[in-house]
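Geometric and topological summary
Here are the chains, one letter per residue:
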Amino acid sequence: MTAPIQLNDPSLWRTEGYLNGAWTKGSATTTFAVTNPGTGEIISGDGLPDMTLADTQQAIEHAEEAFKSWKKTTEYERAAILTTLFKLMKEHAEDLAQIITVENGKPLADARGEIAYGASFLDWFAAEAVRNYGDVIPSAIKGVQNIVVKQPIGVCGIITPWNFPNAMVTRKVGAAIAAGCTVVLKAPPETPYSVLAMVELAERAGVPKGVINCVLTDKNVQEVGRELCTSPKVHKISFTGSTRVGKILMEQSSSTLKKMSMELGGNAPLIVFDDADLEKAVAGTIISKFRLSGQTCVCANRIFVQDNVYDAFAEKLAAAVKAFKVGNGATEGTTHGPLIHAAAVNKVQSHVEDAKAKGAKVLLGGAKVDGPGFFFQPTVLTEVPRCAVDEDETFGPLAALYKFKTEDEVVERANEAAVGLAGYFFSENISRINRVSAALEVGMVGVNTGLISQASIPFGGVQQSGFGREGSKYGLAEYQNIKLVASSL
Ligand code: SIN
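Residues numbered from 1 in each chain as written. Predicted model: local features only at pLDDT ≥ 70, side-chain atom pairs only at ≥ 80, totals over all residues. Heavy atoms only, no water.

- Going by the annotation in an unreviewed UniProt entry, the name recorded for the protein chain is Succinate-semialdehyde dehydrogenase, with Leucosporidium creatinivorum given as the source organism.
- According to its UniProt record, the protein chain has this under Sequence similarities (unreviewed entry): "Belongs to the aldehyde dehydrogenase family."
- On record in UniProt, under Pathway (unreviewed entry), the comment for the protein chain is "Amino-acid degradation; 4-aminobutanoate degradation." (UniProt positions renumbered as here; feature names shortened; annotations may be inferred.)

The structure is reproduced here in structure tokens:
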């Protein structure tokens, strides 16, 4: 099938899975459709192959076979391939961005930003690969030398989400490749084309056959996920997605005690203290809350504003949100795109209705937008009481403004969530900045900023937001085993 969009390089639009260096439908007997959330139109022609359990088993075997030689490549060889892939991404950045927008819906400017973000992980891990230092540890046993080396863990099962269809691939696969691992990648059914385009570029960059395998499916996601988790040949699972699914994958992986990285759901608090610079706080809230129309794991979900700046902040925030241009991401000037599907729109609606029923007031928005596409009005609610938003991330463009009086009270509220991915606060008081940064029970804190993501930082959460870190100097270790070699001299 030809691409539904004009690409400079139409061969980036791949329509099959990838096993052992060959594009294939595998043993699929049915297909699944991909929808452009900005228009509601099907963009997958006759559909993509719904690959099967048997295909996943094959993919694992190919990855296991490829690992035998891939693990022996030098860090310099792997870094060179990652650097070539980085350059190819830069060269094809516009096509890759167009592919993101047509299947994910995000505005082109954001899609271009995602490609730059995605490419930065390749650059980062190319440099980290050649810094794969070990240790020599002083020995308590006379005549014995202790050397610690870091070795690739083996075949990795990698399950990526639809919200960053490109960057979450490079964040995980970039680290795996740098470490010397091989991978079986399960592409998200909502946004498979971005993943396939990256696999195509990886092949062009010289990634040998079997090192990256990609399985496509919608109908068989549960069987495919279970196989990745239970196969004794897979030694690591990296998953970005919901806490609910993360728990299932962890339970399934327990039979083989796999190493896991889990980047799961959040319910980020964002706190505006009365000593904040309100302009900064509004700008930070806009980026944190409304990035990708509220569909990132690190989006602010509960916005707590101190009582004496509450009205002023709410007014400024609503004015800024009112200026958004909501629409199809491919349309010039669109600042905020659609949600991924109708169910996502319904969830935002249910959170708004629940908050209203309990006493919240609608300052802006508050309703679905009639189709085509899956849109919800950017919404600001005030006087928000305890409601569904406290319990669950909305994953949509709803700014729920809670009022608080004291620092102790708000820190306690912020830490009530069972999840702890990101947290943000705005204050110009240095003592408070130190206190609150220390007190927030999250993996990442943004102080006077709503944007924390970059390749060099340890991305990840605590509690039911999962464990493990991606990107940064810590990200490579997630794909490695530590081995002690104690030798008698
Ligand atoms: C995510 O939403 O899972 C990733 C967000 C980011 O990397 O900023």
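Don't stop here, the text continues.
Some words on the overall build of the protein chain
- Of the regular secondary structure elements, the protein chain holds 15 helices and 24 strands.
- Overall, the C-alpha framework of the protein chain stretches about 70 × 65 × 40 Å when taken along its three principal axes.
- Sorting the 489 residues of the protein chain into buried and exposed places 57% on the buried side.
- Taking contacts inside the protein chain between residues at least 6 apart in sequence as the whole, the part at least 24 apart equals 73%.
- With an accessible surface of roughly 19200 Å², the protein chain has 54% of that area assigned to carbon and sulfur atoms. (Helix = DSSP H or I, 4+ residues; strand = E, 2+ residues; numbered from the N terminus. Buried < 20%, exposed > 50% of the residue type's maximum accessible area, 1.4 Å probe, protein only. Contact = heavy atoms within 4.5 Å. Areas by Shrake-Rupley, 256 points an atom, 1.4 Å probe, with all protein chains shown as cover.)

Quick look at the UniProt feature "domain: Aldehyde dehydrogenase" (unreviewed entry) in the protein chain
- In the UniProt entry, the feature "domain: Aldehyde dehydrogenase" (unreviewed entry) is given for residues 23-485.
- For residues 23-485, helix accounts for 40% and strand for 21%, while the C-alpha atoms at its two ends are 41 Å apart.

Topic: the sheet that holds strand S5 (residues 135-137)
- Ordered in space as S5-S6-S24, the 3 strands form an open sheet in which the pairing is antiparallel. Each having just a single partner strand, S5 and strand S24 (480-488) make up the two edges of the open sheet. Along the sheet, successive strands turn relative to each other by an average axial angle of 25 degrees, direction set aside.
- One ladder, built from 9 bridges, connects strand S6 (residues 144-152) with S24; its direction is antiparallel. Paired with valine 144 across the bridge in S24 is serine 488. (Pairing = 2+ DSSP bridges. Axes fitted to C-alpha atoms, helices over the stretch in contact; angles between N-to-C directions.)

A few points about helix H3 (residues 93-104)
- With 12 residues, H3 ought to run about 16 Å at 1.5 Å a step, and its terminal C-alpha atoms sit 16 Å apart, in line with that.
- In terms of residue burial, H3 counts as a mostly covered element, since 9 of its 12 residues are buried.
- Residues of H3 that are buried make contact with helix H2 (75-91), helix H4 (108-129) and helix H6 (192-205). (Expected span 1.5 Å × (residues − 1).)

Things to note about the domain arrangement of the protein chain
- Each assigned domain of the protein chain is listed here: domain 1 (10-264 + 465-488) and domain 2 (268-454).
- Taken residue by residue, the interface counts 24 residues in domain 1 and 27 residues in domain 2.
- Roughly 2000 Å² of surface becomes buried between domain 1 and domain 2 when both sides are summed, with 63% attributable to carbon and sulfur atoms.
- Area buried by domain 1 at its contact with domain 2 is led by Pro37, Trp162 and Ser465, which between them contribute 26% of it.
- Seen at the junction of domain 1 and domain 2, the total is 0 salt bridges.
- Of all elements in the fold, only H3 and H4 reach the threshold of two or more residues within the side of domain 1 that touches domain 2.
- Taken together, the residues of the side of domain 1 that touches domain 2 break down into 7 nonpolar, 11 polar and 6 charged. (Domains from an automatic or database assignment. Buried area = accessible area lost by both parts, 1.4 Å probe. Salt bridge = Lys/Arg side-chain N within 4 Å of Asp/Glu carboxyl O. Nonpolar A, V, L, I, M, F, W, Y, C, P; charged D, E, K, R; others polar.)

Describing the site of the ligand
- Taken together, Tyr117, Asn163, Phe164, Met168, Arg171, Thr240, Glu263, Arg291, Thr296, Cys297, Ser453 and Phe459 are the residues near the ligand.
- Here an oxygen atom of the ligand and a side-chain polar atom of tyrosine 117 are 2.7 Å apart.
- A distance of 3.2 Å is found between an oxygen atom of the ligand and a side-chain nitrogen or oxygen belonging to arginine 171.
- If the ligand stood free it would expose 260 Å²; the protein chains cover 100% of that surface.
- Class assignment for the residues of the shell around the ligand results in 5 nonpolar, 4 polar and 3 charged.
- Structurally, the shell around the ligand is a two-domain feature, drawing no fewer than three residues from each of domain 1 (10-264 + 465-488) and domain 2 (268-454). (Near = heavy atom within 4 Å. Polar contact = N/O pair within 3.5 Å; in protein donor to acceptor, adjacent residues only side chain to side chain.)

Some words on the packing of H3 against H6
- Where H3 contacts H6, the two axes come as close as 8 Å, and the packing angle between them is 160 degrees. Considered as vectors, H3 and H6 are oriented roughly antiparallel to each other. Contact with H3, carried on its side by Leu96, Ile99, Ile100 and Glu103, involves Pro192, Tyr193, Ser194, Ala197, Met198 and Leu201 of H6 and no other residues of that element.
- In terms of residue class, the contact of H3 with H6 is built from 8 nonpolar, 1 polar and 1 charged. (Parallel < 35°, antiparallel > 145°, perpendicular 65-115°, else oblique.)

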